[in-house]
Structures are given as structure tokens and as C-alpha cells.
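# Tertiary structure, described
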Number of protein chains: 2
Amino acid sequence: MARTTPPRRRDTGRPRGQHVTDAVLEATLAELATAGLEGTRIERIAERAQVHKTTVYRRWPTREALIAAALEGLAVDTMANAPDTGSLRGDLIGLLRPVATFLGRAEGRAVARAALAAPAEPHVAELAARSLEGPAATAIEALVARARARGEWRGGAPVDLVLPTLVGALLHRTLLEHADTGAAWLEDVVDLVVSGVAPREHA
Amino acid sequence: MARTTPPRRRDTGRPRGQHVTDAVLEATLAELATAGLEGTRIERIAERAQVHKTTVYRRWPTREALIAAALEGLAVDTMANAPDTGSLRGDLIGLLRPVATFLGRAEGRAVARAALAAPAEPHVAELAARSLEGPAATAIEALVARARARGEWRGGAPVDLVLPTLVGALLHRTLLEHADTGAAWLEDVVDLVVSGVAPREHA
DNA sequence: GGCTCTTTGCAACGAACAGTTGCAATCACG
DNA sequence: CGTGATTGCAACTGTTCGTTGCAAAGAGCC
């Protein structure tokens, strides 16, 4: 069989301005943060980015694709590398502090909402799974291994409940209660979980 | 001051069919469950309910109002009355089991998503706060009081973290991980929190 | 500079959907 | 049976998504 349509090498002509891409993605996040997922209009994004509507459509096929692309640039480096602080409590706080900060910003909350609204936005759903759950899971594993070595972890305590519990609490607090997650609050939640997984110090 | 516009008593004429209201609200939930918050079209709702579009608009002023009304009929009796089972563990499971079941259905998840997408939908946000947080908070209070009396509750353990933690874990599990919350899973989460708030049994 | 092929701006357009309005038919209730 | 409402229907406005054709401009290469 012959190659079907060798994708037409096109190295000539005017290249696309990186400047445009950046401006549009940034404008998308801003729009998303103020207008919400449903309220985001790409015509307003174009206006904000000082760019014409058609230019936006020529780079991202649909509204959803644009939003997904914009979120991609944000969510990645949030839970990437958690520090080794020498205690389970410190490690968990170190892991969750960036998440709390992220959710403290309107753009961050918009991202979280978009991720939770997933079924309507498959791209976003996949993205959320990849960039949030992935790194977080590996971080948790390492962190628990260290805690085990220090004797801070009860044998039967389930590792895979730590993340849902803590991140879930953060989501509940920020998105449902609309309250902020200060340092004290975060420490309280972490303490709850830490003592939940600690070995019983029986007589 | 005189009464401004005594709202025009109108007891004559053909009354509105309760049947129509029911059908439309039910269709709205079904549509919401399959198409998501953004994808819900009131023309499709009307079609599903065997009713004309204008009839829908004559009863609910906007799409958002209709959705809020439909959710209202659902979310109320979920966390209403938690049983007194004689143990903190049992009480918490009794409280959360209905929530887990609720989130197990597509309509329930749609409701949760709508509540989390709140800022775009003020009615829905207010509704969620009222019908979810309200009853749950009172239930938790009573439940903790009983646990305290039984000595299952450590003095310093923060009461107001129990709900965010547990409900948050449920949300994380169902809406982000897209996994189901079986009985075993729920018990594990509750156990984590129960041992988190339990008094230290030191030597 | 000049050429080429592209991106960008612009205006106009079609389709889908929210929400409205006027009219005719229907129907519950007194 | 008559009254005054609800309901169905068709047509309409306005907004937004997404597309298309055309003209202008610009980046890289000779």
C-alpha cells in the first residue's frame, strides 16, 4: 500500500507567533476564573488576548480543546516533588500546602471545578487524572515508605485512602464551604489523618 | 402604606397539571445525568417529558431555575436522619451510607457536580449549602456528643473536620477516581477517621 | 530586495439554543 | 355551560459556536 497523504511537509511561510498562543491561553485562564466553565466565551477570550476570534479557532478546534490546553499549562507542577521533612506530618503538609495554595487562587478553583465536571469534558477529565493523580500517587508512596521506616505507620493502615481523604477535604472546604484553607486548618486535617494511621500505643 | 398590588387572586380557570411538573422535573434529572450540567438543553427536556418547550418556560423562568428546582427534589432527604447505632463507627457509616448510595447513581453525581460548579449557578450553590451542609452538620453534632459520652472521642479532636474529610473522600473517590464506594471502602475510610479522633491509649 | 507560503484580521454566514410572544385549542371547575 | 386559565404551536429575537472566503501582512530564504 502506498503512503496515504504524507502529511505535506510545510516548513516555509510565516511561522505561528508563540506570543499569540501564550496570550490566548493566559486569557482563557483568566476568563475561566471569572466566568466559570459554563460562562467562558471564546469571543471574550479573543478580545482579552488582543486577537481575533478566527485566530483562536485556527489553533484549537473547539472551545473544550482550548480550555483543556489552558488547564494543562497550569496543573502540572503542583504536586510534583514533595520534600522529605523527617516526619509524616511534615511530609504531608509539604505535599498538600501547594495544593491548598493552588485552590486558594480563583484559577486553581476553576481548574478543580472543571476536573470535577469531567464527563462533559473528556479532555479535561483525562488531563486531571494524568497530572493530578499520577504524581500525587508516587509522592504518597515514597512518603509512606519513609513513615513506615520511622515507625509512624500502623501496619494495616490503608495507603490509598490518604490522598482521597486529604485532597477531598481540601476540595470540600474550598469548593463547597467556600472557606479558605489556612495553615492552621491544613495542619488540623493532616493531624487527623496522621493520628488515624499511627500505630496504637497500647500499654 | 397600602398593599402594593394584591397579587390578583385567580382561583378560576384550568389549574396547572401536577403531572406536567413531575414529568419535567424527572426529565430534567435524567437529562442532567446523561448530558451533564453544560450539555442540558431544555428543548430536549421538554421532548423527554412529552411537553412543549413553552410550557416549561412558563413554569420556570430560566434554565438555571429549572435545574435548581429539579435538584431540590432530590438532595433533601439524603443526610436527614442518621441512626443511633451505639458506636461512633456505626453512626458514621449510617450517616455516610446514604450519601455513598446517592453518589453511586448518575443523577446523584450530576447533583454533586452541579453543586461543585456553584459560582456559575448561584441557585444551585445556595441549595447545596442548605440541603447538604445544614442537616449534616446537626447530625454530626449529635453523633459526636454520643461518642464523647462513650469515651470514643479524644478531647482535642476537631468536630468540624469530620464531615469535610469523609464527604470529601467520597467526592474524590466518585468524581475524580471514577471508582465506586463499596461497603468495604466506606468502612475503611470511616475507620481511618475513627482512629484519628480516638483517645490515645497510652501506657 | 523579491518570492513564497503562511498567519492574521475581517466580515459574513449557518446552525444551535435561550427565552419571548401571539394565537388557537383545550380543559378543569363553578 | 361558560369562564378563565393552561397547553400546543409557530414564529421571532438575540447570543454564541464554529466556518468560510478574501485581503493584508510578515517570516524565512534565494
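Residues numbered from 1 in each chain as written. Chains lettered and ligands numbered in written order. Predicted model: local features only at pLDDT ≥ 70, side-chain atom pairs only at ≥ 80, totals over all residues. Heavy atoms only, no water.

Another point: the overall build of chain A. The helix and strand inventory of chain A stands at 9 helices and 0 strands. Ordered by position from N to C terminus, the α and β elements of chain A give α-α-α-α-α-α-α-α-α. Within chain A, the proportion of its 203 residues that are buried is 47%. In chain A, the proportion of contacts linking residues at least 24 apart, taken out of those at least 6 apart, comes to 67%. Of the roughly 10,400 Å² of accessible surface on chain A, a fraction of 54% belongs to carbon and sulfur atoms. (Helix = DSSP H or I, 4+ residues; strand = E, 2+ residues; numbered from the N terminus. Buried < 20%, exposed > 50% of the residue type's maximum accessible area, 1.4 Å probe, protein only. Contact = heavy atoms within 4.5 Å. Areas by Shrake-Rupley, 256 points an atom, 1.4 Å probe, with all protein chains shown as cover.)

Turning next to the pattern of salt bridges. According to the stated counting rule, one finds 18 salt bridges over all chains in the structure shown. Glu38 of chain B is the partner of Arg63 of chain A in a salt bridge, and the nearest nitrogen-oxygen pair spans 2.4 Å. With Arg63 of chain A in helix α4 (residues 63-75) and Glu38 of chain B in helix α1 (residues 18-39), this pair bridges two chains. Given the relative accessible area of 17%, Glu38 of chain B is considered buried. For Glu177 of chain B, the salt bridge identified is with Arg173 of chain B, shortest N-O distance 3.7 Å. (Salt bridge = Lys/Arg side-chain N within 4 Å of Asp/Glu carboxyl O.)

This next bit is on helix α9 (residues 183-197) of chain B. Helix length check: α9 of chain B, at 15 residues, gives a terminal C-alpha distance of 21 Å against a target of 21 Å (1.5 Å per residue), a fit within 8%. When α9 of chain B is considered as a whole, its buried residues turn out to be Trp185, Leu186, Val189, Val190, Leu192, Val193, Val194, Ser195, Gly196 and Val197 of chain B. Where α9 of chain B is buried, its residues contact α8 (162-176) and α9 (183-197) of chain A together with α5 (88-104) and α8 (162-176) of chain B. (Expected span 1.5 Å × (residues − 1).)

Between chain B and chain A, the contact holds 36 residues from the first and 35 residues from the second. When chain B packs against chain A, the two sides together hide about 3,400 Å² of surface, and 68% of this comes from carbon and sulfur. Together, Glu38, Leu116 and Leu192 of chain B form the three largest contributors to the area buried by chain B at its contact with chain A, with a combined 20%. Viewed at the interface, chain A and chain B are joined by 2 salt bridges. Across the chain B-chain A interface, the total number found is 7 residue pairs in polar contact (both at pLDDT 80 or more). Those elements that provide at least two residues to the side of chain B that touches chain A are α1, α6 (106-116), α8 and α9 of chain B. (Buried area = accessible area lost by both parts, 1.4 Å probe. Polar contact = N/O pair within 3.5 Å; in protein donor to acceptor, adjacent residues only side chain to side chain.)

So, about unusual backbone geometry. Residues and elements named next belong to chain A. Positive phi values are uncommon outside glycine, yet Gln50 reaches one of about 60 degrees. Mapped onto the elements of the fold, Gln50 is located in the loop between α2 (42-48) and α3 (53-59). For His178, which is not a glycine, the phi torsion comes out positive at approximately 55 degrees. Along the chain, His178 falls in the loop between α8 and α9.

Each copy of the sequence occupies a distinct position, and chain B is placed on chain A by a rotation of 179 degrees and an axial shift of 0.0 Å, giving an RMSD of 0.1 Å. A rotation of that kind, with that shift, is consistent with a two-fold axis. Interface residue correspondence from chain B to chain A reaches 97%, placing this contact among same-surface, isologous pairings. (Least-squares fit on C-alpha atoms with pLDDT ≥ 70 in both.)

On to the packing of α5 of chain B against α9 of chain B, then. Relative orientation and spacing of two packed helices are given, respectively, by the angle between their axes and the distance between those axes. Residue and element names in this part refer to chain B. Where α5 meets α9, the axes come as close as 10 Å, and the angle between the chain directions of the two elements is 135 degrees. Compared by their axis directions, α5 and α9 come out oblique. Remark: the crossing between α5 and α9 carries right-handed chirality. On α9, the residues that touch Leu88, Arg89, Leu92, Ile93, Leu96 and Arg97 of α5 are Ala183, Leu186, Glu187, Val190, Asp191, Val194 and Val197. Across the contact of α5 with α9, the residue classes break down as 9 nonpolar, no polar and 4 charged. (Axes fitted to C-alpha atoms, helices over the stretch in contact; angles between N-to-C directions. Parallel < 35°, antiparallel > 145°, perpendicular 65-115°, else oblique. Left-handed = near helix turned anticlockwise from the far one by under 90°. Nonpolar A, V, L, I, M, F, W, Y, C, P; charged D, E, K, R; others polar.)

With that settled, the discussion passes to the layout of surface pockets. Space inside the largest pocket adds up to approximately 410 Å³. Surrounding the largest pocket, 20 residues form its lining, Ser195 of chain A together with Arg154, Ser195, Gly196 and Arg200 of chain B being those nearest its centre. Of all the secondary structure elements, the ones that give two or more residues to the lining of the largest pocket are α9 of chain A together with α9 of chain B. In terms of residues, the lining of the largest pocket owes the most to one element, α9 of chain A, which gives 5 residues. Split into classes, the residues belonging to the lining of the largest pocket amount to 8 nonpolar, 4 polar and 8 charged. (1 Å grid on protein atoms, 1.4 Å probe; cavity = no way out; pocket = protein on both sides within 12 Å on 5 of 7 lines; lining within 4 Å. Points joined across faces, edges and corners; volume = space filled by probe spheres on them.)

With that settled, consider the side chain of Arg113 of chain B. Looking at where Arg113 of chain B falls in the secondary structure, it is placed in helix α6. It is Glu38 of chain B that comes nearest to the buried, bridge-free Arg113 of chain B among opposite-charge side chains, at 11 Å. Within polar-contact distance, the side chain of Arg113 of chain B engages the backbone oxygen of Leu116 of chain A at 2.8 Å. (Lys, Arg positive; Asp, Glu negative; His and termini not counted.)

Residue and element names in this part refer to chain A. Among the structural elements, Thr55 can be located in helix α3. Since its relative accessible area comes to 26%, Thr55 is described here as partly exposed. For the pair formed by Thr55 and Leu96, sequence separation is 41 residues and the distance between their alpha carbons is 38 Å.

The share of residues in chain A with pLDDT of 70 or more is 83%, and the mean pLDDT across the chain is 85. Taken together, the stretch residues 1-9 of chain A has pLDDT below 50 and engages in 0 contacts with residues farther than four places along the chain or on a different chain. (pLDDT = per-residue confidence, 0-100.)

All names here are of chain B. Axis separation between α5 and α6 bottoms out at 5 Å; the angle between their running directions is 100 degrees. In this view, α5 runs roughly perpendicular relative to α6, as classed from their interaxial angle. Here Phe102, Leu103 and Gly104 of α5 come into contact with α6, specifically with Ala106, Gly108, Arg109, Val111 and Ala112. Residue composition of the contact of α5 with α6, grouped by class: 5 nonpolar, 2 polar and 1 charged.

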